[in-house]
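Tertiary structure, described
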Amino acid sequence: MDDDQDENAYTWEGDYEKTWDVLKEDQSGSLQESIEAEIIRAKKRRLMKRNVNIRLGMMRHVFVIIDMSLAMNDHDLKPNRAVVTLKLLQKFVNDFFDQNPISQLGFITTNKKRSFLLSDLSGTAHNHIKALTTLSVEVIKTNGKNCIGEPSLQNSLEMAEKALSHMPSHTSREIVVVMASLTSCDPDPIQDTIDLMKKKKICCNFIGLSAEVYICKKLAESTNGKFGVILDESHFWVMLTDFIPPLEGSSTESSLMKMGFPYHVPSDKNEKISYSMTVNKFTIGGYYCPQCRAKYSALPVDCVVCGLTLVSAPHLARSYHHLFPLPTYSEHNKRTENSGREQTFVLLMLEELVLQAEQSDVSFV
């Protein structure tokens, strides 16, 4: 009888069979060490799934569309969806520019059947974090009262398309939509927008906070994007991290591009003040374009005068590691022949220092 029940068991029941065996308590009775080890193993499995010898876009232009409709006030994420989303996006900005230093990021919000530009495409993380922080503070102060109405997916996508369509062909054009609402109020048929995204080769990705929406999944599949629905806050962050490295199968064209390495002048008191094109005010010191001598306060940036892309050598080096990633490391414990206990590199160095001290008659206290 028991064998018949095992054969007729549901598939979803088998997935959770004896999962408690994975977690083991340490000497103090805590499960934290076992949980952290499982998180590391899961991250390692995701990295091993990535294919090799594929085309990646090193220069990316990404717009993140944030749903700020009434659905963002739900409390399935604490304190609500809007606060958690804005908090994770701030962390996403730092990690994105850490791995994509010569890329650009922008943010769009949508509610009340309209779309609003939160921060324009820029390679400066400070501007985006400031805009997200300001919006998060407003949501907390008003207790989510600025999350009203319905979103407009079509208006948001077309706003992003107008900014991305002018980008050169050697850069990837991507959109990441964080959608909480199950409805969208659009002025025209959404199929026209899907065809436009396919024509412009803009990759659209969706992260659903509520449930799967057919039109969102169809748009993602039509543009070779990704679609997923979160389970909790930790899974939300895992889905966001999928968009930090360049996406596979990029539609960018191979071409040579001109870059400039500006010379830096420190902000000393003896330096004369000059106009900075980044902050639109007079400052001391900065980075000067080698072609037109325009000054900027941060890199990377596209010169607004001559159009030259200004970067530094470390920016190129940090982008280069996506093309030739490090091999997956293998964990192993080194044991000595005399004793069976595990020894780390630090312990081995201490043993060597003690041995040298004994030979030189130096004592350690």
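Look up a bit, the structure's there.
A brief look at the structure comes next.

Procedures and definitions
Numbering of residues begins from 1 in every chain and follows the order in which that chain's sequence is written. Totals for whole chains, interfaces and linings use all residues, but because this is a predicted model, local features are given only for residues with pLDDT of at least 70 and pairs of side-chain atoms are given and counted only at 80 or more. Values reported for side chains reflect all heavy atoms of the structure, with hydrogen atoms and water molecules removed beforehand. Labels follow the DSSP assignment, with helices taken as runs of H or I lasting at least four residues and strands as runs of E lasting at least two, numbered in each case from the N terminus. Here the term buried applies to any residue with accessible area under 20% of the maximum for its type, exposed to any over 50%, and partly exposed to those in between, with areas from a 1.4 Å probe on protein chains only. We call two residues in contact when some of their heavy atoms are within 4.5 Å. Strand pairing requires that DSSP identify at least two bridges connecting the strands. Lines are fitted to the C-alpha atoms to define the axes, a helix being fitted only along its stretch in contact, and any angle between axes, read from their N-to-C directions, falls within 0 to 180 degrees. Angular relationships are summarised with four words: roughly parallel below 35 degrees, roughly antiparallel beyond 145, roughly perpendicular across 65 to 115, and oblique for the angles in between. Should the near helix be turned anticlockwise from the far one by less than a right angle, the crossing is left-handed, and should it be turned clockwise, the crossing is right-handed. Gly is placed with the polar residues, together with every amino acid not listed as nonpolar (Ala, Val, Leu, Ile, Met, Phe, Trp, Tyr, Cys and Pro) or charged (Asp, Glu, Lys and Arg). As used in this record, nonpolar core signifies buried Ala, Val, Leu, Ile, Met, Phe, Trp, Tyr and Cys residues forming a set joined through side-chain atoms within 4.5 Å. Consider the strands pointing away from the viewer: the crossover is right-handed when the path from the first strand over the helix to the second runs clockwise. Helices are assigned an expected span. That span is 1.5 Å times one less than the residue count. What qualifies as a polar contact is a pair of N or O atoms within 3.5 Å, subject to a donor-acceptor requirement within protein and to the restriction that residues adjacent in sequence count only when both atoms come from side chains. Cysteine sulfurs are considered disulfide-paired once they come within 2.5 Å of each other. For Phe, Tyr and Trp, rings pair up if their centres lie within 6.5 Å, where Trp contributes its six-membered ring, and each pair is then called stacked (planes under 30 degrees apart), edge-to-face (over 60) or tilted (otherwise). Geometrically, a charge over a ring is one whose NZ (Lys) or CZ (Arg) sits within 6 Å of the ring centre while staying within 35 degrees of the ring normal.

**Comments concerning the environment of A211**
Structurally, the position occupied by A211 is in the loop between strand 5 (203–208) and helix 8 (214–222). The exposure class of A211 is partly exposed, given its relative accessible area of 34%. Residues A211 and G228, spaced 17 residues apart in sequence, show a C-alpha to C-alpha distance of 8.9 Å. Excluding residues within four positions of it along the chain, A211 makes contact with L182 and V229.

**Notes on the sheet that holds strand 5**
If you trace the six strands from one edge of the open sheet to the other, you get 3-2-1-4-5-6, paired in mixed fashion. The two strands at the open ends of the sheet, each matched to only one other strand, are strand 3 (114–122) and strand 6 (227–229). Taken over all neighbouring pairs, the strand axes of this sheet differ in orientation by 15 degrees on average, direction set aside. Looking at chain direction, strand 1 (residues 60–67) and strand 2 (residues 104–111) are connected through seven bridges and run parallel. Bridging across to strand 2, V62 finds its partner in L105. In the packing of helix 5 (residues 125–141) onto the sheet, contacts are made with strand 1, strand 2 and strand 3, and the angle to strand 3 comes to roughly 150 degrees. Seen against the sheet, helix 6 (residues 153–164) touches strand 1, strand 2, strand 3, strand 4 (172–179) and strand 5 and runs at an angle of roughly 30 degrees to strand 3.

**Here we look at the packing of helix 6 against helix 7 (residues 190–199)**
At a minimum axis distance of 10 Å, the contact between helix 6 and helix 7 shows a crossing angle of 25 degrees. The angle between the axes of helix 6 and helix 7 places the two elements in the roughly parallel class. The interaxial crossing formed by helix 6 with helix 7 has left-handed handedness. Mapping the contact onto sequence places Q154, L157, E158 and E161 in helix 6 and I190, T193, L196 and M197 in helix 7. For the contact of helix 6 with helix 7, a count of residues per class yields four nonpolar, two polar and two charged.

**Thoughts on the nonpolar core**
One finds F92, L105 and F236 to be the most contacted residues of the largest nonpolar core, which totals 38 residues. Within the residue set of this core, elements represented by two or more residues are strand 1, helix 4 (81–99), strand 2, helix 5, strand 4, strand 5 and helix 9 (233–241). With ten residues, the single largest contributor to this core is helix 4. Setting aside chain neighbours within four positions, we find F236 in contact with L77, V84, T85, L88, V178, I207, L209 and I230. By size, the runner-up hydrophobic cluster in this structure holds 20 residues, among which are F63, L121, I202 and C216.

**Concerning the pairing of strand 4**
With respect to burial, strand 4 is a largely interior element, eight of its eight residues being buried. Every second residue of strand 4 is oriented toward a common face, with S172, E174, V176 and V178 on one face and R173, I175, V177 and M179 on the other, all of them buried. Inspection of the sheet shows strand 1 paired to strand 4 by seven bridges, in the parallel sense. When the bridges of strand 4 are listed, I65 appears paired with V177. Handedness of the crossover is the feature at issue here: the chain leaves strand 4, passes through helix 7, returns alongside strand 5, and the resulting connection is right-handed.

**Here we look at the packing of helix 4 against helix 9**
Two elements in contact, helix 4 and helix 9, have axes whose closest approach is 10 Å; the angle formed by their N-to-C orientations is 35 degrees. Between helix 4 and helix 9 lies a crossing of right-handed hand. Where helix 4 approaches helix 9, its residues V84, T85, K87, L88, L89, K91, F92 and D95 are matched on the opposing element by E233, F236, W237 and L240. Of the residues contributing to the contact of helix 4 with helix 9, the split by class is seven nonpolar, one polar and four charged.

**A look at helix 4**
The terminal C-alpha atoms of helix 4, which comprises 19 residues, lie 27 Å apart, in line with the 27 Å expected from a rise of 1.5 Å per residue. Sitting at the amino-terminal end of helix 4 is N80, which places a side-chain oxygen 3.3 Å from the backbone nitrogen of A82.

**Some details on the pairing of strand 2**
Taking burial as the measure, the eight residues of strand 2 include eight buried ones, the bulk of the element. The side-chain alternation of strand 2 yields two buried faces, one formed by Q104, G106, I108 and T110 and the other by L105, F107, T109 and N111. Judged from the six bridges that link them, strand 2 and strand 3 form a sheet pairing that is antiparallel. The residue of strand 3 that forms the bridge with F107 is S119.

**Topic: the state of the cysteines**
Here a disulfide denotes one covalent bond, and it connects the sulfur atoms of two cysteines. Under the definition given, this model contains zero disulfides. Between C303, a free cysteine, and C292, which holds the nearest cysteine sulfur, the sulfur-to-sulfur gap is 3.4 Å. Look at C303 and you get buried, because its relative accessible area is 4%. Residue C306 stays outside any disulfide, its sulfur separated by 3.6 Å from that of C303, the closest cysteine. A residue is classified by how much of its surface remains accessible, and C306, at 29% relative accessible area, is partly exposed.

**So, the packing of aromatic side chains**
For the coordinates displayed, the defined rule picks out five aromatic pairs. Here Y263 and Y288 contribute two aromatic rings whose centre-to-centre distance is 5.4 Å and whose plane-to-plane angle is 10 degrees, an arrangement assigned as stacked. Here Y288 lies in strand 11 (residues 286–288) and Y263 lies in strand 8 (residues 263–265), a separation of 25 residues in the sequence. What makes Y288 buried here is its relative accessible area of 11%. A ring pair is formed by Y275 and F282, whose centres lie 5.4 Å apart and whose planes are at 75 degrees; its orientation type is edge-to-face. Site record: aromatic cluster; members linked through ring pairs are F92, F96 and F97. In this arrangement the basic side chain of K91 is found over the ring face of W237, its NZ or CZ atom lying 4.5 Å from the centre.

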